Structure formats: C-alpha cells, structure tokens
Amino acid sequence: MIEDKNPQRTSISDLGEFGLIDHLTKNFSIKHKTTVKGIGDDAAVLDFKGKKTIVTTDLLVEGVHFDLSYMPLKHLGYKSVIVNLSDVYAMNAKATQITVSIAISNRFPLEALEELYAGIKLACDIYDVDLVGGDTTSSNKGLLITVTALGEANEEDIVYRNGAKPNDLLVVSGDLGGAYLGLQVLEREKQVFQVNPKNQPDLDQYTYIIERQLKPEARKDIPELLKKLEVKPTSMIDISDGLSSEIIHLCKQSNVGCNLHEDKIPLDPQVISTCEEFDISSSTVALSGGEDYELLFTISQDDYPKIKANPSLTVIGHMTDAKEGMHLITRANTKIAIQARGWNSFKGNQA
C-alpha cells in the first residue's frame, strides 16, 4: 500500500467543543444497566442500587507521562483508560464507567483525536465499561488527558490497603519490570533516530516489553479469579510506581512489616535478557520500574492451598510485625531495607 504523504487534517475549530464531543463519541454504546444517562446531558446519571461506588482518576501530561515521538495516539488512548481501571480492580471491584477529559493544542487535527478515541473505545469494549462523559478544552502545552473510572462492589467484597496482618502471604500477579525496560528501549531508539533519521530500529526481540510499556493491560481477571477460588485478599494495591513503593504503601497502611524474597520475584525471560544487555539488575528493575499494572495483595496463609497451583499468581514474601521493618531477602540470604525508588512524576525520573 502506498502511504499517503498528505493525510487529511481537519481543524478542530471547524467543529466546536460540542460538535467535537459528538463526533468523537458517536460510536460508543451503553453496556451497563447502571448507566441511566450517559453522554448528552449536563451530567451522567448512574444507579448502583445499594452497591458501593468506586471512583478513581488519573491525569496524563505530554512530556511527563508520555512521549508522542514513540507513543501512538491509539495506544495512548487505550493506556489512559487502563491505568484507571487497574485502580478499580485493586479495590476488588468491577469497573463500569469512565469519563474522559482532554486539553489539546492546535497542532492536533481531528484525525489525531479520532485515533486517540479509537484506543479509548477499544479499551471500553475489551473491559466492558461505558464512556459516560468528560470535557474538551484548548491547551498551549500539548496534550493532557484526564480519565475518571467508576466501579461497583458489594461492601463486603471491597479490599483496602490497610488490612494486611503479620504472617499474611504477599502475592503478585503476572511478572514485573517489563514496562520500565520497554521504556528504556524506546528511549534508546529515539536517541539513535535523532542522530540518524534514516535508521530503522529492529525491535522484534523486544516485542513483549515494548507492549508492556505502550499497551499495558489491567488485571480484570484477578478479582474474578480470586472470587472463583473463594479467596478474599486482606489488602491489595496495583503496581503503578514500582514494587518497592507499593509494598511500603501496604505496610504503612496496615501497620506491618514485610520480608520480600528476591528469588521469588517473577521475571519474564525477555526482561532478564534485556537487563543483561543494559547491564542493570533485574531485581532493581522489578523493584523500582513501575507501570506494570499488576496486582499486589496479601492473603491469609490458610488460603495458600487455593492459589498455589495458579500460574498467574506468585507468592513473593510474607508480612511481619511492624517493628521488624520492611526487608528484601537477597539471593545471598542477606537482609536489605526496602526503600521506595519508584516513579516520581514531580522529578520526572526514578525517585
């Protein structure tokens, strides 16, 4: 296929704010009975009929949270939804609705926003959530995206960060470190491209970790799995800022300590090989990388037989009395204090 060197560019100003909203949301459909009124009025109307409502929101800023030189707009739309749904699932709840607000500069034509909303719609379809509102405005600083996610849960099913007890097992879903390494590969190739724009990167050997960065998935399946296994976590959090930071959150909120075993941290083979290439520790990447959007939770030891054979879950440690502190047990069987070195958006790098 011959690439169109002059793609159509429709000015946003031709549509106006309400025309833009109508255009971008015309293909979204309502999936939930809890959505009484979605887009098209002054506010959405939801009815959860006695269930508790879960609300979370995230702001993504160009140049801080994403780089459009290698982040496709469709992927960005998808990811902006996923990072919010992950927080809902971390409450052991069901995600049901989202709102999306964007601020855009005049360098973005309508076709660019259509790509962004195609990613948002794909996430809505895959994760079965309704888009019920939002806002659009202009920006002189590039692109900003705010997504608010809502969910529902029975009160007795909700899991907070503050319920862990000494001797509870620390469990994580999936594997860790891939998203951070995917970002390092993309940043490296960006620098190569800036020096030699004719150079075409060969990214085949990094497919998994790049996908973990550009198109992460929220673990909707984990609350569903735990319910099926009749396991209710005592505490839970999603891993957005790095394993070490999230462990510290759980420990402080629950007033407990922790022993995390380095040799138990789940790593994908592509993570291990890429760490060797970059000459960095895979454990450091898993502890500090962030953006994996896996779920970290604690369970009673009595529930261990129910989860021990599940390939999606790994026991990586156990909780202790608060006075014992938070420690990493290394492969050499030495204790190192766990420190929060995850992502800090106010510094723009690892804290």
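Residues numbered from 1 in each chain as written. Predicted model: local features only at pLDDT ≥ 70, side-chain atom pairs only at ≥ 80, totals over all residues. Heavy atoms only, no water.

(A) Spatial organisation of the packing of helix α5 (residues 207-214) against helix α8 (residues 269-278). Here α5 crosses α8 at 100°, and the two axes come no closer than 8 Å. Compared by their axis directions, α5 and α8 come out roughly perpendicular. Along the contact surface, α5 presents Thr207, Tyr208 and Ile209, while α8 presents Gln270, Val271 and Thr274. (Axes fitted to C-alpha atoms, helices over the stretch in contact; angles between N-to-C directions. Helix = DSSP H or I, 4+ residues; strand = E, 2+ residues; numbered from the N terminus. Parallel < 35°, antiparallel > 145°, perpendicular 65-115°, else oblique. Contact = heavy atoms within 4.5 Å.)

(B) Region of the structure containing helix α7 (residues 243-254). Relative to the 16 Å expected for 12 residues at 1.5 Å per residue, α7 spans 16 Å between its end C-alpha atoms, a close match to the ideal helical length. For α7, the tally of buried residues reaches nine of 12 residues, placing the bulk of the element in the interior. Taken as a whole, α7 has its buried residues at Leu243, Ser244, Ser245, Glu246, Ile247, Ile248, Leu250, Cys251 and Ser254. Phi for Asn255, located one or two positions after α7, is positive at around 60°. (Expected span 1.5 Å × (residues − 1). Buried < 20%, exposed > 50% of the residue type's maximum accessible area, 1.4 Å probe, protein only.)

(C) Representation of the state of the cysteines in the model. One pass over the full model with this rule turns up zero disulfides. With no disulfide of its own, Cys251 has Cys258 as its nearest cysteine by sulfur position, at a separation of 4.8 Å. Given the relative accessible area of 2%, Cys251 is considered buried. (Disulfide = S-S within 2.5 Å.)

(D) Structural context of the packing of aromatic side chains. Counted according to the given criterion, the structure contains one aromatic pair. When the ring centre of Tyr78 is taken as reference, the NZ or CZ atom of Lys215 above it lies at 4.3 Å. (Phe/Tyr/Trp six-rings, centres within 6.5 Å; stacked < 30°, edge-to-face > 60°. Lys NZ or Arg CZ within 6 Å of the ring centre and 35° of its normal.)

(E) Expanded view of the sheet that holds strand β6 (residues 144-153). What the four strands build is an open sheet, ordered β3-β6-β4-β5; its pairing is mixed. Two strands lie at the open edges of the sheet, namely β3 (52-61) and β5 (130-138), each paired on one side alone. Between one strand axis and the next, the sheet turns through 15° on average, direction left out of account. Looking at chain direction, strand β4 (residues 94-104) and β5 are connected through eight bridges and run parallel. (Pairing = 2+ DSSP bridges.)

(F) View of the nonpolar core. Counting residues in hydrophobic clusters, the biggest one holds 66 residues, and the most contacted among them are Leu85 and Ile98. Among the elements that line this core, the one with the most residues is helix α3 (residues 110-127), at nine residues. If near-sequence neighbours (up to four positions away) are discounted, Leu85 is found in contact with Ala95, Ile98, Tyr127, Val129, Ala149 and Ala218. Formed by 22 residues, the second largest nonpolar core is a distinct cluster that contains Ala164, Ala286, Leu287 and Met319. (Core = buried A, V, L, I, M, F, W, Y, C linked by side-chain atoms within 4.5 Å.)

(G) Molecular detail of the environment of Asp268. Following the sequence through the fold, Asp268 ends up in the loop between β9 (256-261) and α8. For Asp268, a relative accessible area of 19% puts it in the buried group. Filtering out sequence-adjacent residues up to four positions away, Asp268 remains in contact with Asp175 and Tyr208. Among the polar contacts made by the side chain of Asp268, one reaches the main-chain amide nitrogen of Gln270 at a distance of 2.8 Å. (Polar contact = N/O pair within 3.5 Å; in protein donor to acceptor, adjacent residues only side chain to side chain.)

(H) The arrangement of the packing of helix α4 (residues 178-195) against α8 in detail. Across the interface, α4 lies against α8 with an axial gap of 10 Å and an inter-helix angle of 45°. As summarised for this structure, α4 and α8 are arranged oblique, according to the angle between their axes. When the axes of α4 and α8 are compared, the crossing they make is left-handed. Between α4 and α8, the contacting residues are Gly178, Leu181, Gln184, Val185 and Arg188 on the first element and Val271, Thr274, Cys275, Glu277 and Phe278 on the second. Residues that form the contact of α4 with α8 fall into these classes: five nonpolar, three polar and two charged. (Left-handed = near helix turned anticlockwise from the far one by under 90°. Nonpolar A, V, L, I, M, F, W, Y, C, P; charged D, E, K, R; others polar.)

(I) Geometry of the sheet that holds β9. With respect to topology, seven strands assemble into an open sheet ordered β8-β10-β7-β11-β9-β12-β13, the strand pairing being mixed. Since the sheet does not close on itself, it has two edges, and those belong to β8 (235-238) and β13 (335-337), each with one partner. Direction aside, neighbouring strands of the sheet carry axes that sit 25° apart on average. Sheet topology places strand β7 (residues 169-173) next to strand β11 (residues 313-321); five bridges connect them, and they run antiparallel. Within the sheet, the bridge partner assigned to Val172 lies in β11 and is Thr314. Its contacts with the sheet put helix α6 (residues 221-228) on β7, β10 (295-299) and β11, and the angle it makes with β10 is roughly 20°.

By themselves these figures say nothing about function.
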